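The primary structure of each chain is shown beneath.
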Amino acid sequence: MVKILGIFLITILFCACNNDAAKTETTSFNLDGAKAAIAESNQAFGESWGTGDSTKFANCYASDAVLNAPNMPAMTGTAAITGFFSAGYKWGTRNVALKTNEVFGTKDCVVETGTYELFMENNVSGDKGKYIVMWKEENGKWKMYRDVWNSDLPAPPPPAQ
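Residues numbered from 1 in each chain as written. Predicted model: local features only at pLDDT ≥ 70, side-chain atom pairs only at ≥ 80, totals over all residues. Heavy atoms only, no water.

Section: the layout of surface pockets
Estimated volume of the largest pocket: approximately 690 Å³. Taken together, 30 residues line the largest pocket, and the ones lying closest to its centre are Pro-70, Tyr-116, Leu-118, Asp-127 and Trp-149. Elements supplying a minimum of two residues to the lining of the largest pocket: helix H2 (31–51), helix H4 (77–91), strand E3 (93–106), strand E4 (109–120), strand E5 (125–138) and strand E6 (141–151). If you tally residues by element for the lining of the largest pocket, the top one is E6, at five residues. Residue composition of the lining of the largest pocket, by class: 20 nonpolar, seven polar and three charged. Its boundaries defined by the atoms lining it, the second largest pocket holds a volume of some 240 Å³. (1 Å grid on protein atoms, 1.4 Å probe; cavity = no way out; pocket = protein on both sides within 12 Å on 5 of 7 lines; lining within 4 Å. Points joined across faces, edges and corners; volume = space filled by probe spheres on them. Helix = DSSP H or I, 4+ residues; strand = E, 2+ residues; numbered from the N terminus. Nonpolar A, V, L, I, M, F, W, Y, C, P; charged D, E, K, R; others polar.)

In structure tokens, the structure reads:
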């Protein structure tokens, strides 16, 4: 009886181990594919300023994205992000050049760090700094989900008293 019980337990253990092996999932996430999609989106992002295309700009962001611009409250969603673009375009922004330094993450979230340079009319540099963007896949496309940046330029002096 003890031998039969021992064989039964070993059989159950063997089957349980095989089940775990069968349950292991392979993910189709490809970081190189995400990097390529991010580079393409960054190109469209910069070009949208030159053409005044707020739709192209907003399409770079997820529908529930949050844009965290310096010295401003967070802006959430497509309408707020489109409003930010419109104000920036009226201000004179005509291109944003992005240089990715690193991209890392998983199928659930990819993080990009890099530097930017903002150009005004006549290709005059208006600002330089660094950024961090969290990306997520939405409807099969990588979109900016959380976007934050800050300038490397010194803060302006306080007003004279």
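Once you've had a look at it, read on.
With respect to the pattern of salt bridges
Considering all chains together, one arrives at four salt bridges under this definition. Between Asp-152 and Lys-130 there is a salt bridge; the shortest N-O distance is 2.6 Å. Of this pair, Asp-152 sits in the segment after E6 while Lys-130 sits in strand E5, placing them 22 residues apart in sequence. For Asp-152, a relative accessible area of 48% corresponds to the partly exposed category. A residue is classified by how much of its surface remains accessible, and Lys-130, at 37% relative accessible area, is partly exposed. (Salt bridge = Lys/Arg side-chain N within 4 Å of Asp/Glu carboxyl O. Buried < 20%, exposed > 50% of the residue type's maximum accessible area, 1.4 Å probe, protein only.)

Keep in mind these values describe shape, not function.
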